[in-house]
Amino acid sequence: RDIVVASSLVLSSIAFRPSTTTSKTTSKATSKTTSTSTMMAVEDNTNDDATTMSRRSIFSSTAAIILSSSSSLLPLPLLPLPANARLDPVNNPSLLPSSPDDVVIQTEKFLTSGQVKRMLDLIVKLERDTGFRLRVLCQNYPNSPGLAIRDYWDLGKEGQKDDKYIVLVVDQFGGRGNVLNFNVGDGVKFALPNVFWTRLSSKYGTTFFVRENGIDIAITNAVEAIVQCLRSEEAYCVNVPDQGVSMRTLGL
């Protein structure tokens, strides 16, 4: 919505920008110029409305795809994807760890062993203290366990453990899309509404952020933001917390 409004304001300012041309004209010429400017403004304003509606449609569709929470986990990887891209479903349990319920799985290594260890500590303590289950899957499609992750993590299916889960799927898609993709259970919506996930992926998941800071920092920042919000006194966030949080805030 912020993007749409900003675009509308820019286009409107262009449409109604005063003319800088000065000349001596008769009243007839001035009237003609005014009439022409008005017609141009109306035409530009019409284009502005069409552009805004188009942007709003694209933005809404993307947000709906990224943040939709359903009773069954969609084929992983989760979106966003390049425009008009369609991925075949993957179901490869052979890529799952032999140990039960690893909370961080890397079929594509984006995180160092030290980063994984710290993330494990954050996630395990979050679940112990709050009941929220945060899981991280780093992959490079089609090198992904895909649908097999539902049974492994017991989520997105009938008879699941609970609906207080968050699955962060990290995939670069060849550098063509946002790397942070979320599937969120209904039990998390009251604490972290849809707008939070939109802002989180927009802050840390863009190709620009990854290029400037690294994909590992994008992942760790996202996880820390989620943990901080769920551990706050309100247990509720709309905006993404700033970086540099204390260890106590993260439950350490």
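Quick look at the sheet that holds strand β2 (residues 133-138)
Reasoning step 1: Strand order in the open sheet formed by four strands is β1-β2-β3-β4, with mixed pairing between adjacent strands. Sheet topology places β1 (104-106) and β4 (180-184) at the edges, where each strand pairs with a single neighbour. Sheet twist, expressed as the mean angle between neighbouring strand axes with direction ignored, is 15 degrees.
Reasoning step 2: Of the pairings in the sheet, the one linking strand β3 (residues 165-170) to β4 comprises five bridges and is antiparallel in character. Looking at β4, one finds that V169 is bridged to N181.
Reasoning step 3: Seen against the sheet, helix α3 (residues 113-130) touches β1 and β2 and runs at an angle of roughly 155 degrees to β2.

Brief notes about the state of the cysteines
Reasoning step 1: If you walk through the whole model with that rule in mind, you get one disulfide.
Reasoning step 2: One disulfide in the model links C229 with C237; its S-S distance is 2.1 Å. Disulfide C229-C237: torsion about the S-S bond near -95 degrees, hence left-handed. Of the two residues, C229 and C237, neither departs from the other in class, the shared state being buried.

The rules behind each value
- Residues numbered from 1 in each chain as written.
- Predicted model: local features only at pLDDT ≥ 70, side-chain atom pairs only at ≥ 80, totals over all residues.
- Heavy atoms only, no water.
- Pairing = 2+ DSSP bridges.
- Helix = DSSP H or I, 4+ residues; strand = E, 2+ residues; numbered from the N terminus.
- Axes fitted to C-alpha atoms, helices over the stretch in contact; angles between N-to-C directions.
- Contact = heavy atoms within 4.5 Å.
- Disulfide = S-S within 2.5 Å.
- Buried < 20%, exposed > 50% of the residue type's maximum accessible area, 1.4 Å probe, protein only.

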